[in-house]
Amino acid sequence: MAAFFPTVLTAVLTLFLAAGGLTAAATGGSPSTIRLNTGQRMPFINLGGTSQSVKAGNHYSNYSEFLRQGGRGLDTALGYTDPINEQIAAAIKSHPEIPRADLFVTTKLPCGAKNAGRPEMACADAQDCMRRNNALLQLPWTDLTLLHQPCGSSGGTSGTELTIRRWVQLEAGLAAGLTKAIGVSNFGWELLAAMLADPRVTVVPAVNQCDHAIANTNNTRGGGDDKTVQFCQSHGIAYSAYSPLQGLWSNSSVLDIPAVIAIGKAHNVSAAQVAFRWLIQQNISAVTAAHNPAYIKEDLDAFSFDLTAAEMATLSALGPPSPPPPPSACLQGATFRPGQNFENGKDVGSVMGTTASDCAAACCVDSQCGHFVYTTYMPSGVHQGQKMCWFKTAKAGSFTGGRPNCTSGTVPNNGTTAV
């Protein structure tokens, strides 16, 4: 690959970029897809949904509604549990009017072959993982299969070496027809450079999917930084952003940033649409999550307006926002009601568009749990990506409440009075 890369690959990339691959920025009314180095067209907006501990039917992305409204990009992973993959399969089957060629299904495979804590992820090799994931999705092939994360070192072998070995297995799966393209996720530019320089690597990743959002562009954890974006795009690797409405690791919400809200008002669009548009105009696709049909409609309608150069610069310069100030203590002195869902049928924790003030107001109206303290996005677990309401109890320094009910957490709250 070392000798191949600067000669044949450079020539291919020159033709690809000259043909308008990753260079032509999407503008209002433009196509809703980005062309990959394979020649495929990947949607700019993709619907994903993750969970490490989930029961069938309990997920927070409405895949069928997304397809009904015209969305065509679906994102999953073997590690998102069988029910999530099966629900995506069911959504696809529920829309027989959509040709398979119009869909773009992305999945991700783990690095290691075994995981004692996650038996559903145990595979003999990458091809075995591909076949298992394809069977769950009821598809003979996926459009894109990513290596979910770099491999860690093991038994004296470096993580880079193990990552390259796993990548070679993905190349074999590609050759076997189990997927149409292969790529990576959470890879920084240095690891990508090492891969491209290795003679065993014969296929350039089509995509690098990382944690990237407004006010979350300098995060070197998992390739979320601007330098990695630039490296990918200069080497014909499409960059894709997960958690586009909040930094998964920074735990901050793009939707609460005043500058984002103001720019949205100037265009008569939502803050979420501004966040997607900011990515699209940089030729970055997005992987988001949504259950509410209104939010899905917003997500898919990020192509009818353009951000100005000044607005793009403003958004790109933003740093992580400060946590929102606590609202009024409308529930001060209220008593917890164990076993009741504090949301009372309201999807307060939905990832799409719920602001801190909305969450506080809903909790206060429902008059359940305790004194509202702050909202945050959950970084992992069954409610990964969802915004939560947290409440301070009478026990100093302890927190309880949140989703799914008031009895969650370790602090007993039967009759506990909020402070």
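Check the entry above for the structure.
About the cut-offs
- Residues numbered from 1 in each chain as written.
- Predicted model: local features only at pLDDT ≥ 70, side-chain atom pairs only at ≥ 80, totals over all residues.
- Heavy atoms only, no water.
- Buried < 20%, exposed > 50% of the residue type's maximum accessible area, 1.4 Å probe, protein only.
- Helix = DSSP H or I, 4+ residues; strand = E, 2+ residues; numbered from the N terminus.
- Pairing = 2+ DSSP bridges.
- Axes fitted to C-alpha atoms, helices over the stretch in contact; angles between N-to-C directions.
- Parallel < 35°, antiparallel > 145°, perpendicular 65-115°, else oblique.
- Contact = heavy atoms within 4.5 Å.
- Nonpolar A, V, L, I, M, F, W, Y, C, P; charged D, E, K, R; others polar.
- Arc of directions from axis to C-beta.
- Lys, Arg positive; Asp, Glu negative; His and termini not counted.
- Salt bridge = Lys/Arg side-chain N within 4 Å of Asp/Glu carboxyl O.
- Polar contact = N/O pair within 3.5 Å; in protein donor to acceptor, adjacent residues only side chain to side chain.
- Phe/Tyr/Trp six-rings, centres within 6.5 Å; stacked < 30°, edge-to-face > 60°.
- Lys NZ or Arg CZ within 6 Å of the ring centre and 35° of its normal.
- Disulfide = S-S within 2.5 Å.

Engineer: Account for the pairing of strand β3 (residues 45-48), with residues named and values stated.
Structural biologist: In β3, alternate side chains face the same way, and those of Ile45 and Leu47 on one face and Asn46 and Gly48 on the other are all buried. Two elements, β3 and strand β14 (residues 284-288), share 3 bridges in a ladder whose sense is parallel. Its bridge partner being in β14, Asn46 is matched across the sheet by Val287. Inspection of the sheet shows β3 paired to strand β4 (residues 73-75) by 3 bridges, in the parallel sense. Considered in β4, the bridge of Asn46 is made with Gly73.

Engineer: Before we move on, can you summarise the packing of helix α6 (residues 189-196) against helix α7 (residues 226-234) with the specific residues and values?
Structural biologist: Where α6 contacts α7, the axes come no closer than 9 Å and their chain directions differ by 30°. Viewed along their axes, α6 and α7 adopt a mutual orientation that is roughly parallel. Contacts between α6 and α7 involve Trp189, Leu192, Ala193 and Leu196 from the first element and Lys227, Thr228, Phe231 and Cys232 from the second. Classifying every residue of the contact of α6 with α7 gives 6 nonpolar, 1 polar and 1 charged.

Engineer: Please give an account of α6 that cites residues and values.
Structural biologist: Regarding α6, the residues found buried are Leu191, Leu192, Met195 and Leu196. Buried positions in α6, seen along its axis, are confined to an arc of 135° and lie on one side of it.

Engineer: Please give an account of the side chain of Arg166 that cites residues and values.
Structural biologist: Mapped onto the secondary structure, Arg166 falls in helix α5 (residues 159-175). Within the buried set, Arg166 has no salt-bridge partner at all; the shortest N-O distance to an opposite charge, 6.2 Å, is to Asp125. A polar contact is formed between the side chain of Arg166 and the side chain of Gln169, at a distance of 3.0 Å.

Engineer: Break down unusual backbone geometry for me, with residues and values.
Structural biologist: Peptide bonds are trans in most cases, and residues, glycine excluded, mostly fall at negative phi. In the Ramachandran plot, Ala215 falls in the positive-phi region, its phi being about 65° despite a non-glycine side chain. Counting through the fold element by element, Ala215 comes out in the loop between β8 (207-211) and β9 (218-219). Of the residues examined, Ala215 reaches a relative accessible area of 4% and is grouped as buried. Phi at Asn283 takes a positive value of approximately 60°, unusual for a residue other than glycine. Its place among the elements puts Asn283 in the loop between α9 (271-280) and β14. Given a relative accessible area of 4%, Asn283 falls into the buried group.

Engineer: An account of the packing of aromatic side chains is requested, with residue identities and associated values reported.
Structural biologist: When we look at a pair of aromatic rings, we describe it by the centre distance and by the angle of the planes. Throughout the structure, instances matching the rule amount to 2 aromatic pairs. Measuring from ring centre to ring centre gives 6.4 Å for Phe44 and Phe303, while their planes differ by 50°; the resulting arrangement is tilted. Placement of the pair is Phe44 in the loop between β2 (41-43) and β3 and Phe303 in the loop between α10 (293-300) and α11 (309-316), with a sequence separation of 259 residues. Taken individually, Phe44 and Phe303 each receive the classification buried, so the pair is uniform in this respect. Aromatic pair Trp189 and Phe231: ring centres 6.3 Å apart, planes at 45°, arrangement tilted. You can see Trp189 sitting in helix α6 and its partner Phe231 sitting in helix α7, a full 42 residues away along the chain. On the accessibility criterion, Phe231 (14% relative accessible area) is buried. Above the plane of the ring of Trp141 lies Arg100, whose end atom (NZ or CZ) is 4.0 Å from the centre. Sitting over the ring of Trp141, Lys180 keeps its end group 4.5 Å from the ring centre.

Engineer: Can you tell me about the sheet that holds strand β6 (residues 144-147), naming the residues and giving the values?
Structural biologist: Strand order around the closed barrel formed by 8 strands is β3-β4-β5-β6-β7-β8-β11-β14, with parallel pairing between neighbours. Between one strand axis and the next, the sheet turns through 25° on average, direction left out of account. As defined by bridge partners, β6 adjoins strand β7 (residues 182-185) across 3 bridges and the pair is classed as parallel. Bridged to Thr145 within β7 is Ile182. Those strands touched by helix α4 (residues 126-137) are β5 (104-109), β6 and β7, and its axis lies near 135° from that of β5.

Engineer: I'd like a description of the state of the cysteines, backed by residues and values.
Structural biologist: Applying the stated criterion across every chain, the model contains 2 disulfides. Here Cys123 pairs with Cys129 through a disulfide, and the sulfurs are 2.1 Å apart. Judged by the torsion about the S-S bond (105°), the Cys123/Cys129 disulfide is right-handed. Note on Cys129: relative accessible area 0%, which makes it buried.

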